[in-house]
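Structural characterization, general
Here is how the chains run, residue by residue.
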Amino acid sequence: MCAAVAVCVGGCASWRTSPSLPSAVNVNVGQLIVHADFDLAADNRLLAELEALRPRVAAELQLPASTLPVDVYLFQTQRTYRAFLHKHFPTLPNRRAFFIESESQLAVYAQWGDRAAEDLRHETSHAYLHGMAPQLPLWVDEGLAEYFEVQPDEHGLNRPHVDRLLALMRQGRWQPDVVRLARLDSLEQMNQTDYAEAWTWIHWLLHSTPENRGLLLGYLAALHDHRHPLPLESVVLERHHDANRELVEHLQQIDGGARK
Ligand SMILES: [Zn+2]
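Fair warning: this is a prediction, and the values are worked out from it, not measured in the lab.

1. Describing the layout of surface pockets
- Roughly 260 Å³ of volume is contained in the second largest pocket.
- If you go around the second largest pocket, you meet 16 residues; those closest to its centre are Glu-118, Glu-149, Val-150, Asn-158 and Pro-160.
- For the lining of the second largest pocket, the secondary-structure elements that each account for two or more residues are helix H4 (116-132) and helix H6 (159-170).
- Top element by residues in the lining of the second largest pocket is H6. It accounts for four residues.
- Classifying every residue of the lining of the second largest pocket gives four nonpolar, four polar and eight charged.
- Residues from two domains meet in the lining of the second largest pocket; each of domain 1 (3-132) and domain 2 (152-259) gives at least three.

What follows is the structure, given as structure tokens:
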């Protein structure tokens, strides 16, 4: 599973000249500047999909599409990817892909492989989101990235998350708690179940009622406009006194619909 981090770091210029940073191939695809250490064709289908994700995220969230460039660094092997991360981001958890926001750059780092499509949709979503709605709380940021990481024809339905949460709930090992989730403020604190719950809140807001959809879109619009909205979890709980129960019902409805 991948993750986003927003860190202010210095020394970007030195990274660009680092021998371990991919530079053999450099391809511009819309706002994406893709650097790879292997032979990557400019017309690779995944690159086109990642560029198409930018207007899709904007349309779904009703925000102006980000115009900021995003650097995408692709490593052919796990060894070179891990060596790079270990050298430049030694404190980050071990994940297959990362999004890094610095003062001068939005950048995605990922290893190429079987999971690259999902990983890159997730991390590139972070880059687009940070370009459109600054200061996203971690759980909202991750929930949205988990929403957009699935293939476009899934319309945000992250089926493995539904299965995971319902199974844990049947075992008495999970109940939603948006206040607890919103308190998590570092990647190290977030486990797979937290990612799944974050996704569920976003999916519930976007797909349950027009009012809930408006609640999320209004919150994101306020962030976009730097209007410092009330915390999203506070607004959710103000409108829905039993929001945690509603979230469980939403999961069960998805599960029931999928089995019909
Ligand atoms: Zn993430």
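Don't stop here, the text continues.
2. Regarding the pairing of strand S2 (residues 25-29)
- Residues Val-25, Val-27 and Val-29 point to one face of S2 and are all buried, whereas Asn-26 and Asn-28, pointing to the other face, are not buried.
- Across five bridges, S2 lies against strand S3 (residues 32-36) in antiparallel orientation. Bridge pairing links Val-29 to Leu-32 in S3.

3. Details of the packing of aromatic side chains
- Under the counting rule described, the total for this entry stands at nine aromatic pairs.
- Geometrically, the ring pair formed by Tyr-73 and Tyr-109 is stacked, given 5.1 Å between the ring centres and 20 degrees between the ring planes. Note that Tyr-73 is positioned in strand S4 (residues 70-75) and Tyr-109 in strand S6 (residues 106-111), a separation of 36 residues in sequence. Each member of the pair, Tyr-73 as well as Tyr-109, is classed as buried.
- Arranged with centres 5.6 Å apart and planes meeting at 80 degrees, the rings of Trp-201 and Trp-204 form a pair that is edge-to-face. Of this pair, Trp-201 and Trp-204 both sit in helix H8 (residues 192-207), separated by three residues, roughly a single helical turn. For the pair shown, Trp-201 and Trp-204 are each scored as buried.
- Through successive ring pairs, a cluster of aromatic residues spans Tyr-73, Phe-75, Tyr-81, Phe-84, Phe-89 and Tyr-109.

4. Side note on helix H5 (residues 138-148)
- For H5, a buried count of 11 out of 11 residues is recorded, marking the element as mostly surrounded by other parts of the structure.
- Of the residues making up H5, those classed as buried are Leu-138, Trp-139, Val-140, Asp-141, Glu-142, Gly-143, Leu-144, Ala-145, Glu-146, Tyr-147 and Phe-148.

5. What to know about the coordination of the zinc ion
- Those protein atoms acting as donors to the zinc ion are His-122 (NE2), His-126 (NE2), Glu-142 (OE) and Glu-142 (OE), and they sit at 2.0 to 2.7 Å.
- For the zinc ion, the four donor atoms in the first shell make angles of 51 to 150 degrees at the metal, a pattern classed as irregular.
- Counting along the primary sequence, the residues that act as donors to the zinc ion give the motif H-x3-H-x15-E. Of this pair, His-126 sits in helix H4 while Glu-142 is found in helix H5, placing the two residues 16 residues apart along the sequence. Neither His-126 nor Glu-142 differs from the other in exposure class; each is buried.

6. A few points about the pattern of salt bridges
- Scanning all chains against the criterion turns up 12 salt bridges.
- A salt bridge links Arg-96 to Asp-119, with the shortest nitrogen-to-oxygen separation between them at 2.8 Å. A residue pair is termed long-range when its members are at least 10 positions apart, and Arg-96 in the loop between helix H3 (78-88) and strand S5 (97-101) and Asp-119 in helix H4 qualify at 23 residues.
- Look at Arg-96 and you get partly exposed, because its relative accessible area is 21%.

7. Observations concerning the pairing of S5
- Extensive coverage of S5 is indicated by the burial of four of its five residues.
- Pairing between S5 and S6: five bridges, direction antiparallel. Bridge pairing in S6 places Ala-97 opposite Ala-110.
- Joining the antiparallel neighbours S5 and S6 is a turn of four residues.

Scoring rules and cut-offs
- Residues numbered from 1 in each chain as written.
- Predicted model: local features only at pLDDT ≥ 70, side-chain atom pairs only at ≥ 80, totals over all residues.
- Heavy atoms only, no water.
- 1 Å grid on protein atoms, 1.4 Å probe; cavity = no way out; pocket = protein on both sides within 12 Å on 5 of 7 lines; lining within 4 Å.
- Points joined across faces, edges and corners; volume = space filled by probe spheres on them.
- Helix = DSSP H or I, 4+ residues; strand = E, 2+ residues; numbered from the N terminus.
- Nonpolar A, V, L, I, M, F, W, Y, C, P; charged D, E, K, R; others polar.
- Domains from an automatic or database assignment.
- Buried < 20%, exposed > 50% of the residue type's maximum accessible area, 1.4 Å probe, protein only.
- Pairing = 2+ DSSP bridges.
- Phe/Tyr/Trp six-rings, centres within 6.5 Å; stacked < 30°, edge-to-face > 60°.
- Donors = N, O, S within 2.8 Å, 3.2 Å for Na, K, Ca; no water.
- Tetrahedral: all angles 85-135°; square planar, octahedral: opposite > 155°, others 65-115°.
- Salt bridge = Lys/Arg side-chain N within 4 Å of Asp/Glu carboxyl O.

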